[in-house]
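# Structural overview
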Amino acid sequence: MRGHPTLAIAVATAALLTCAACSGTSGPAPGAHTPTTRTTTAAAGPFTLTRGQGFDRSGAFTSLMTCDDPRDYSPGLNFANVPTGTAELALTMVDLDIHKIHWLQLGIPARAHGISAHHLLPGAREALNDFGEATYDGPCPPRGSTHRYQLTLYALHEPMPTAFDGSTPPAQALQEIKRRAFASAALVAPYTRH
């Protein structure tokens, strides 16, 4: 390609786009990349949290990620434009209708671009939720009803102490996450239990 800089740039750009497209795990449902909430702008664009594996085309949880499936897997999520200065990320999931904490994940590396379904990144850990477990507990509204679940990704200016673990009261851990956060991105996903 010597002597053709425009062609070289075009080929390199195409290669980067192809590489970026193949770097994910298994792709999310079509249209699932639309963020529900954007709260902070980084140099490259808004800090966003978007749906990955475990959501249907409407943006609702699939049953695999809920108490209606014995596996009750945690969903896949995508992160974009993590702000400069982030020491680590934290992730929460709260039932907006009954204000229960279903999931607290701490120590997510700031360089992460997302998490795969039912997967914990190296260095990350799960803290105690309102169901008395240090794990993900999926949506489980009463039969015949719909609840809304807010997933929030927090950019923390300093890491969460390792003392925050499977024995820390969830409300205390959530309060400390919010105290250390300088940016956040969120989405809301419903689940209807039949």
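Quick look at the structure, then.

### Structural notes on the pairing of strand 5 (residues 88–95)
- Across the eight residues of strand 5, eight count as buried, placing the element largely inside the fold.
- Here strand 5 shows a buried face lined by Glu88, Ala90, Thr92 and Val94 and a second buried face lined by Leu89, Leu91, Met93 and Asp95.
- Pairing of strand 5 with strand 6 (residues 100–109), which is carried by seven bridges, proceeds in the antiparallel orientation. Across the sheet, the residue bridging to Asp95 is Lys100, located in strand 6.
- Here strand 5 hands over to strand 6 after four residues, with His99 in that stretch at a positive phi of 55°.
- Relative to strand 9 (residues 146–156), strand 5 runs antiparallel, the two sharing eight bridges. Across the sheet, the residue bridging to Leu89 is Ala155, located in strand 9.

### A few points about the state of the cysteines
- If you walk through the whole model with that rule in mind, you get one disulfide.
- Through a disulfide, Cys67 is tied to Cys140; the S-S separation comes to 2.1 Å. Handedness here is read from the sign of the S-S torsion; for Cys67 and Cys140, about 80°, the answer is right-handed. Separated by 73 residues along the polypeptide, Cys67 in the loop between strand 3 (48–51) and strand 4 (77–80) and Cys140 in the loop between strand 8 (125–126) and strand 9 bring together distant segments of the chain.
- Here Cys140 falls in the partly exposed class, since its relative accessible area comes to 38%.

### A few points about the packing of aromatic side chains
- Considering all chains together, one arrives at three aromatic pairs under this definition.
- Aromatic pair Phe55 and Phe61: ring centres 4.9 Å apart, planes at 40°, arrangement tilted. Take Phe55 and Phe61: they sit in the same class, and that class is buried.
- Between the aromatic rings of Trp103 and Tyr136, the centroid separation amounts to 5.0 Å while the plane-to-plane angle is 80°, which identifies the pairing as edge-to-face. In this pair, Trp103 is assigned in strand 6 and Tyr136 in the loop between strand 8 and strand 9, connecting sequence segments 33 residues apart. Of the two residues, Trp103 and Tyr136, neither departs from the other in class, the shared state being buried.
- Three or more aromatic residues joined by ring pairs form one cluster here, namely Phe55, Phe61 and Tyr149.
- The positively charged end of Arg51 is found above the aromatic ring belonging to Phe55, 5.7 Å away from the centroid.
- Here Arg71 stacks its cationic end above the ring of Tyr73, 5.9 Å away from the centre of that ring.

### A closer look at the environment of Ala173
- Mapped onto the elements, Ala173 comes out in helix 2 (residues 170–180).
- Separated by 46 residues in the primary sequence, Ala173 and Ala127 have C-alpha atoms spaced 7.8 Å apart.
- If sequence neighbours within four positions are ignored, Ala173 has contacts with Leu104, Met160, Phe164 and Thr168.

### Some words on the sheet that holds strand 3
- Spatially, 3-4-7 is the arrangement adopted by the three strands of the open sheet, whose pairing is antiparallel. Edge positions in the sheet fall to strand 3 and strand 7 (114–115), since each of these pairs with one other strand and no more.

### Observations regarding the pattern of salt bridges
- Applying the stated criterion across every chain, the model contains six salt bridges.
- The closest approach of N and O atoms between Arg180 and Glu158, which form a salt bridge, is 3.0 Å. On the criterion of sequence distance, the pair formed by Arg180 in helix 2 and Glu158 in the loop between strand 9 and helix 2 is long-range, its members being 22 residues apart.
- Classification of Arg180 as buried rests on a relative accessible area of 8%.
- On the basis of relative accessibility, which here comes to 32%, the residue Glu158 falls in the partly exposed class.
- Between Glu176 and Arg179 there is a salt bridge, with the nearest N and O atoms lying 2.8 Å from each other. A residue pair is termed a helical-turn pair when its members lie 3 or 4 positions apart in one helix, as Glu176 and Arg179 do in helix 2 at three residues.
- Overall, Arg179 belongs to the exposed group, its relative accessible area being 52%.
- One continuous salt-bridge network, built from bridges that share partners, spans Glu158, Glu176, Arg179 and Arg180.

Calculation rules
- Residues numbered from 1 in each chain as written.
- Predicted model: local features only at pLDDT ≥ 70, side-chain atom pairs only at ≥ 80, totals over all residues.
- Heavy atoms only, no water.
- Buried < 20%, exposed > 50% of the residue type's maximum accessible area, 1.4 Å probe, protein only.
- Helix = DSSP H or I, 4+ residues; strand = E, 2+ residues; numbered from the N terminus.
- Pairing = 2+ DSSP bridges.
- Disulfide = S-S within 2.5 Å.
- Phe/Tyr/Trp six-rings, centres within 6.5 Å; stacked < 30°, edge-to-face > 60°.
- Lys NZ or Arg CZ within 6 Å of the ring centre and 35° of its normal.
- Contact = heavy atoms within 4.5 Å.
- Salt bridge = Lys/Arg side-chain N within 4 Å of Asp/Glu carboxyl O.

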